[in-house]
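Each chain, letter by letter, is given below.
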Amino acid sequence: MEHEAIDYRAYIDQAATVVGLPLPADYHQGVVENFERIAAIAQLILEFPLDEAIEIAPVFEP
Amino acid sequence: MPELYPDATGIAQSVRNREVTAKAVVAAALARIAEYNPMLNCFTTVLADQAIQDAEAIDQAIATGHDPGPLAGVPFGVKDLFDIAGVTTLAGSKINAARSPAPQDATLIQRLKQAGAILVGAQLMDEYAYGFVTENSHYGPCHNPHDLARMTGGSSGGSAASVAAGLVPLSLGSDTNGSIRVPAALCGIFGLKPTFGRLSRARTYPFVASLDHLGPFTRSVRDSALAFDLLQGPDPADPACTQRPPQPCLPELTKGIEGLRIAIADDYFATNAAPEVLTAVEQIGQALGTTKRVTIPEAKRARAAAFIITASEGSNLHLEDLRRSPQDFDTATRDRFLAGALIPTTWYLQAQRFRAWYRDRVREIFQHVDIILAPTVPCPAPAIGQTILTLDGVETLLRPNLGLFTQPLSFIGLPIMNVPIQRPGELPIGVQIIAAPYQEALALRVAAYLESQHLVAAPVPTLT
């Protein structure tokens, strides 16, 4: 799968800077592992085709 | 001889009939909490003096001929993310302990108090509700009343354990991805997660605004229905709360299951579970006279989308504290929160759009079916501290996977009742009774029928 080939470390460091979120060195590896897990899960959503007519409702009615 | 652990309905009847005073009921509950909370760790705050005062006011109302309400003298607790006037809302965190006490009770607390119920305290949870275990690194783990070495499940573990142990007959919890249903199943009690937007969340500490629900834990179906009926009603203080008028469920309970179209969820919901869990679902299906199957499409993706939305919104909520004091977060979730703050918007938006697609597919299913049955948890309560779960021979992380079967359903706000299956000599397990949106009454009717057939029940275990 494509996402496994991505090294997320550079993205994480840059995104944290943009968001203004300091990442203490002690937590860095844990954040990377969690982000990799999130990315793998997100892939299930990103690979699923959605019609452009499907939009987010401003109020969600089950 | 009076029942040792009457349900809320039974207590209120005794108080209203002057067979017992509210003060005696509340004093007995406080004594039981004092005795057993040290071994269960389910209450974080006990409001003994206030509870006794409130009970005296109920007794006074009865003495002067006033109606004390349908929950007269019933002690109840709330997950410690509900605002309680005068108490700091911790939400299981160390960080929020520095905040000021809440000025006002949460709407749902107000509604139970108006019905005569007596608030006795706040209950332990996973930090910021981000977990399925209630093993809190600041306040310790909550212990399962059926086996103290086992976890309660979470994140509303304290609320479930206190009801399961007979400390209180009623408590309120929250469910974003399964946090009412998972601990209800592992602790062997009833837990109702209503339709998204059905009950006000005003003045409760949020987790994921798109997915947060509140609901009751009880030991009888009539208590679930009664509490739910009293909690219903619009509330302008919660923008997601429905404008629909309350629809009482209690009068529906006696209608039975005649005419209901019931099916068992297959595919995703029939794999990755211990054999006894799937057997329990089959047995409940048999008791309800159904062998019909239904496939909820793309449940795995639904779970994934709920995960992405949860991580994104949860992290955004806590962004300021993540910047300022990440060291004060629970070590179990700190890095997940930090990572969640970096999720690209397009992932989040795709997850939200998928939610609309998936909701429409499930709506179609409910054109042909009234009730769907599915497991609540993949296994009975694991040991406290256990981190690995083996499902279908494959080792997976325990913490996220306890919500395997709950997460894809709360994702689109369906009303669901966990019914507890008791197995002599073994730990309880749970089955989800799932209905279409705003059809809580149907799920409660099915639960009431199963209870009348003695297939589901929540007896209080002996605590040793």
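To keep things clear, this report deals only with the structure shown in the data block. (Residues numbered from 1 in each chain as written. Chains lettered and ligands numbered in written order. Predicted model: local features only at pLDDT ≥ 70, side-chain atom pairs only at ≥ 80, totals over all residues.)

## Some thoughts on the overall build of chain B
Then, in step 1: Each helix and strand counted, chain B has 15 helices and 17 strands in total.
Then, in step 2: The C-alpha atoms of chain B give 21 Å as radius of gyration, which agrees with the globular expectation for 464 residues (23 Å, within 12%).
Then, in step 3: Principal axes of the C-alpha set define a box for chain B whose edges measure 60 × 55 × 45 Å.
Then, in step 4: Here chain B holds 464 residues, and 61% of them are scored as buried.
Then, in step 5: In chain B, the share of contacts with a sequence separation of at least 24, taken over all contacts with a separation of at least 6, comes to 76%. (Helix = DSSP H or I, 4+ residues; strand = E, 2+ residues; numbered from the N terminus. Rg over C-alpha atoms; globule rule 2.2 N^0.38 Å. Buried ≥ 20, exposed ≤ 12 C-beta atoms within 10 Å, placed from the backbone. Contact = placed C-beta atoms within 7 Å.)

## As for the pairing of strand β10 (residues 213-218) of chain B
Residue and element names in this part refer to chain B.
Then, in step 1: Of all six residues in β10, six are buried; the element is thus mostly enclosed.
Then, in step 2: Strand direction decides the pairing type here: strand β8 (residues 170-175) and β10, joined by six bridges, are antiparallel. Within β10, the position partnered with Leu170 by the bridge is Thr218.
Then, in step 3: Bridging between strand β9 (residues 190-193) and β10 involves two bridges; their strand directions are antiparallel. Within the sheet, the bridge partner assigned to Gly191 lies in β10 and is Phe217. (Pairing = 2+ DSSP bridges.)

## Here we look at the sheet that holds β10 of chain B
Residue and element names in this part refer to chain B.
Then, in step 1: Spatially, 11 strands are ordered β1-β3-β2-β8-β10-β9-β16-β17-β13-β11-β12 in an open sheet, and the strand pairing comes out mixed. The outermost strands of the open sheet, each flanked by one partner alone, are β1 (43-46) and β12 (293-294).
Then, in step 2: Direction of pairing for β1 relative to strand β3 (residues 118-123): antiparallel, over a ladder of three bridges. The partner of Val46 across the bridge, within β3, is Gly121.
Then, in step 3: Here helix α2 (residues 22-40) sits on the sheet and contacts β1, β2 (75-79) and β3; the angle it forms with β3, its principal contact strand, is near 15°.
Then, in step 4: Contacts from helix α5 (residues 157-164) reach β1, β2, β3, β8, β9 and β10 within the one sheet, and its direction differs from that of β8 by about 155°. (Axes fitted to C-alpha atoms, helices over the stretch in contact; angles between N-to-C directions.)

## Re the packing of helix α1 (residues 8-19) of chain A against helix α2 (residues 25-46) of chain A
Residues and elements named next belong to chain A.
Then, in step 1: Where α1 meets α2, the closest approach of the two axes is 10 Å, and the angle between their N-to-C directions is 105°. On the basis of their axis angle, the class for α1 and α2 is roughly perpendicular. Across the interface between the two elements, Tyr8, Arg9 and Ile12 of α1 pack against Val31, Val32, Phe35, Glu36 and Ala39 of α2.
Then, in step 2: Grouping the constituent residues of the contact of α1 with α2 by class yields six nonpolar, no polar and two charged. (Parallel < 35°, antiparallel > 145°, perpendicular 65-115°, else oblique. Nonpolar A, V, L, I, M, F, W, Y, C, P; charged D, E, K, R; others polar.)

## A look at helix α7 (residues 221-231) of chain B
An α-helix turns once every 3.6 residues. As a result, residues three or four positions apart point the same way.
Residues and elements named next belong to chain B.
Then, in step 1: Burial runs high along α7: 11 of the 11 residues are buried.
Then, in step 2: Of all the positions in α7, only Val221, Arg222, Asp223, Ser224, Ala225, Leu226, Ala227, Phe228, Asp229, Leu230 and Leu231 are classed as buried.
Then, in step 3: Positive backbone phi, at 130°, marks Gly233, one or two positions downstream of α7.

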